[in-house]
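# Summary of structural features
Letter by letter, the chains look like this.
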Amino acid sequence: RKKKRGEIPSRLRLRARGLPPASFEASGNKPKTPAPPSQTLAPRAAGRPPRRPAQHTAEVRRQPAIRPALRSPSASSAPFAPQAAQAAIHALRSGRPPTPPPGARMTRWDEILTLPVQNPTILEFSAADITWSMVEGWKDSMDRLALIPFSRVGDFVRGESNNKACPTRFHVEARRRRSPTMTCKPKVDGILEYILYWCSFGPDDYRKGGAVRPSRSSCGKRKTPAGRPNTKRGCVCHFIVKRLIAEPSLALVIYNHNKHVDKKGTPCHGPMDKMAVGTKAMFAPYISDELLLEVMSLLYVGIPVETIMQRHTEMVEKQGGPSNRDDLLTHRYVRRLERKMRRSVYELDDDDAVSMNKWVENNQDCVFFYEDFSDNDTFVLGIQTDWQLQQMIQYGSRSLLASDSKFGTNKLKYPVHSILVFDQQKNAIPVAWIITPNFTHGEIHRWMGALYDRVRTKDPTWQLGGFIIDDPLTDVRTIREVFQCPVLISLWRVRHAWHKNLMSKCSDFERRSMMSKRLGEAISSICRGNGDIELFQAFLEDFIDCSGFVDYFKALWFPRLG
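Residues numbered from 1 in each chain as written. Predicted model: local features only at pLDDT ≥ 70, side-chain atom pairs only at ≥ 80, totals over all residues. Heavy atoms only, no water.

By the naming in an unreviewed UniProt entry, the chain goes by MULE transposase domain-containing protein and is assigned to Aegilops tauschii subsp. strangulata.

Have a look at this one:
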């Protein structure tokens, strides 16, 4: 019934008549029985039944329903009390499972919070690498779920996309987040973030006779596209990721639909789909990140698009035809990458500080450390992509990590410091870039700990074999404390620094040649294990007359070589 203007609400009319509002008993969800109408309402006309209060019924219906999984059949039917939620959250953070009351079965969230947190040691893992648990869900259904670190959700998505039996790509179909400023009570089933990942071959079906959802013209442009319409084949494979308020570092993965089939239950893409033979639906909808990085690198160094496509076509013909999605690289796609690079800008504002803040906000996934200028600290920006992180884990574990702090020192106001690893062919691969004006003056502890924690979060077993530096002023003590490994110094950088200072501090050509030869012999003897620091002591005593270089060597190199 439409409420007329100026009409008194039903709740106020009931209270004016003396009828108490509807409420729930503390022990259960049964509404209290109201007083008989004869005691509260005026006598009605004879033969007319008393009218039932509509507001009373509406209040009963509006009471929050209690899920069956959150109640114990043997205990009282009271909802999950706040004290129980606090106890479950405290038990999760303390590492001990919550104990249910005697004679009652474990509720749904008690079972979830007692599940082990699984963190595979491989870089990318899929559903086959996780032990899944069956927990009672909504409407007496069983949910297939597992707990993983929230920081490794991206590794799980990539690993599940690279399924050899059915290669695909998962996109974010829906996402809900709580605002960081929103205050919320610590509920055991509270969610900070909800993400729905769906196979890029669904959920719409653009095949003949397939079901397509109504067009959502009001929906904004996605940062990660859901796939082209011609690739939609009605795949129902999807999973849900929930970030818990009780433990924000964990992610609850619910994976009930793990097969790449349509609504009829038949394969809709991949090698198992007979209708996809000879089409792009046999492969993943997009090229791999490795090929994308390779093509972008070739375009950056100025190689023409025609040359890139010619090399790619020759490689595909040599292997006997296309065997994966990367072999279907098109000239149009490479040309679009080139146009995107040409139109990209790095100066987002005339003010450098504002431009840098905008760039950091737009590239959160690539920034592992950022601190702006302050009264006490200088500017520091650490950049590392997901691909660089994978290379650092793969080639840096039990191996060497090198630093190059000399790039741009002659031209740039803020030089770029590069962290390098070496692959099997001894090729240097940059795995991180740090931009800061004071790398050699005790500032590396600010970003080096963040870099180490980022790697250890992905692979807890990762351990560095050695760290090579190229500057004697580098904070060696901090490197040893963070990486727990020996610190080496680049021999080429050492010889280069010595030669540069000999040229400027010693004017005698013959004397300079003798000193350079003695230093080289001392290093060779130490590397072969036939000498120690006494060789440099003898060098300083023999060339005491060249005071300029001797003072430089004593002040800068002798304490570190010792």
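This part is about the side chain of Asp273. Mapping Asp273 onto the fold places it in the loop between β6 (250-257) and α7 (289-300). Residues in contact with Asp273, not counting those within four places in the same chain, are Arg233, Pro267 and Cys268. (Helix = DSSP H or I, 4+ residues; strand = E, 2+ residues; numbered from the N terminus. Contact = heavy atoms within 4.5 Å.)

Turning to the packing of aromatic side chains, a few remarks are in order. Scanning the entire structure with this criterion turns up 21 aromatic pairs. Three or more aromatic residues joined by ring pairs make a cluster, and in this case those are Phe125, Trp132, Phe156, Phe170, Tyr197, Phe239 and Tyr255. Arg108 extends its terminal NZ or CZ atom over the ring of Trp109, reaching a point 6.0 Å from the ring centre. (Phe/Tyr/Trp six-rings, centres within 6.5 Å; stacked < 30°, edge-to-face > 60°. Lys NZ or Arg CZ within 6 Å of the ring centre and 35° of its normal.)

Following Gly202, the chain continues into Pro203 via a peptide bond in cis, with omega recorded as 0 degrees. Here Pro203 shows up in the loop between β4 (191-199) and β5 (238-244).

Among the surface-exposed residues, Glu347, Asp350, Asp351 and Asp352 lie close enough to one another that they form a single negatively charged patch. Position of Asp350 among the secondary structure elements: in the loop between α9 (331-343) and α10 (352-362). (Patch = residues over 30% accessible without salt bridge, like charges linked within 9 Å, V, L, I, M, F, W, Y side chains within 5 Å. Areas by Shrake-Rupley, 256 points an atom, 1.4 Å probe, with all protein chains shown as cover. Salt bridge = Lys/Arg side-chain N within 4 Å of Asp/Glu carboxyl O. Lys, Arg positive; Asp, Glu negative; His and termini not counted. Charge placed at Lys NZ, Arg CZ, Asp CG, Glu CD.)

Taken N-terminus to C-terminus, the directions of helix α15 (residues 509-527) and helix α16 (residues 534-542) make an angle of 170 degrees; their axes are 10 Å apart at the nearest point. In terms of axis orientation, α15 runs roughly antiparallel to α16. Across the interface between the two elements, Arg511, Met515, Arg518, Leu519, Ala522, Ile523, Ser525 and Ile526 from α15 touch Leu535, Phe536, Ala538, Phe539 and Asp542 from α16. Its residues placed into classes, the contact of α15 with α16 shows nine nonpolar, one polar and three charged. (Axes fitted to C-alpha atoms, helices over the stretch in contact; angles between N-to-C directions. Parallel < 35°, antiparallel > 145°, perpendicular 65-115°, else oblique. Nonpolar A, V, L, I, M, F, W, Y, C, P; charged D, E, K, R; others polar.)

This paragraph deals with the nonpolar core. The nonpolar side chains of a soluble globular protein tend to be buried, and buried together. Residues Phe156, Tyr197, Phe239 and Val241 are the most contacted members of the largest nonpolar core, which totals 40 residues. If you list the elements that add at least two residues to this core, you get α5 (108-113), β2 (142-149), α6 (153-161), β3 (170-177), β4, β5 and β6. When residues in this core are grouped by element, the largest group, six residues, is from β4. Apart from the residues within four sequence positions on either side, Tyr197 is in contact with Val153, Val157, Phe170, His171, Val172, His238, Phe239 and Val241. Core analysis: the next-biggest nonpolar cluster, separate from the first, contains 30 residues, Ile429, Ala432, Met448 and Ile479 among them. (Core = buried A, V, L, I, M, F, W, Y, C linked by side-chain atoms within 4.5 Å. Buried < 20%, exposed > 50% of the residue type's maximum accessible area, 1.4 Å probe, protein only.)

Quick look at the sheet that holds β3 now. Read across the sheet, six strands follow the order β1-β2-β6-β5-β4-β3 without closing on themselves; strand pairing throughout is antiparallel. With one partner strand each, in any of the chains shown, β1 (133-136) and β3 form the two edges of the open sheet. Across the sheet, the axes of successive neighbouring strands diverge by a mean angle of 30 degrees, strand direction being ignored. In the sheet, β5 pairs with β6 via five bridges, with the strands oriented antiparallel. Across the sheet, residue Val241 finds its bridge partner in β6, namely Val253. In the packing of α6 onto the sheet, contacts are made with β2, β3, β4, β5 and β6, and the angle to β6 comes to roughly 25 degrees. (Pairing = 2+ DSSP bridges.)

Let us look at the packing of helix α11 (residues 386-396) against helix α12 (residues 445-458). Contact pair α11 / α12: the axes reach a minimum separation of 10 Å and the direction vectors enclose 80 degrees. Relative to α12, α11 is oriented roughly perpendicular. Contacts between α11 and α12 involve Asp386, Leu389, Met392 and Ile393 from the first element and Leu451, Arg454, Val455 and Lys458 from the second. Looking at the contact of α11 with α12 residue by residue, the class counts come to five nonpolar, no polar and three charged.

Our next topic: the confidence of the model for the chain. Per-residue pLDDT for the chain has a mean of 77; in total, 74% of the residues score no lower than 70. Low confidence marks residues 12-19, where pLDDT is under 50. Its contacts with residues over four positions away, or in another chain, come to 14 contacts. (pLDDT = per-residue confidence, 0-100.)

Alternating positions in strand β12 (residues 466-469) separate into two faces, Gly466 and Ile468 on one and Phe467 and Ile469 on the other, with burial throughout. Pairing analysis gives three bridges linking strand β9 (residues 400-404) to β12, with the strands arranged parallel. Residue Leu400 lies in a different strand from β12, and its bridge partner there is Gly466. By the bridge criterion, three bridges tie β12 to strand β13 (residues 487-489) in an arrangement that is parallel. By the bridge assignment, Ile468 is partnered in β13 with Leu488. The parallel pair β12 and β13 is bridged by helix α13 (residues 476-483), and the resulting crossover is right-handed. (Right-handed = clockwise from strand over helix to strand, strands pointing away.)

So, about the sheet that holds strand β10 (residues 416-422). The strands making up a sheet associate through backbone hydrogen bonding, with each pair oriented either parallel or antiparallel. Read from one edge to the other, the open sheet built from seven strands follows the order β7-β8-β11-β10-β9-β12-β13, with strand pairing classed as mixed. Strands at the two margins of the open sheet, each flanked by one partner only, are β7 (367-371) and β13. Looking at each pair of strands side by side, their axes are set apart by 20 degrees on average, direction ignored. Looking at chain direction, β9 and β10 are connected through three bridges and run antiparallel. From the neighbouring strand, Ser403 faces β10, where its bridge partner is Ile419.

Right, let's talk about the pattern of salt bridges for a bit. This model, assessed by the stated rule, comprises 19 salt bridges. Lys458 is paired through a salt bridge with Asp155; the nearest N and O atoms lie 3.1 Å apart. With Lys458 in helix α12 and Asp155 in helix α6, this pair connects stretches of sequence that are 303 residues apart. With a relative accessible area of 15%, Lys458 lands in the buried category. With its nearest N and O atoms 3.8 Å apart, the salt bridge here joins Arg454 to Asp386. Of the two residues, Arg454 is situated in helix α12 and Asp386 in helix α11; the sequence distance between them amounts to 68 residues. The class of Asp386 is partly exposed, set by a relative accessible area of 34%.

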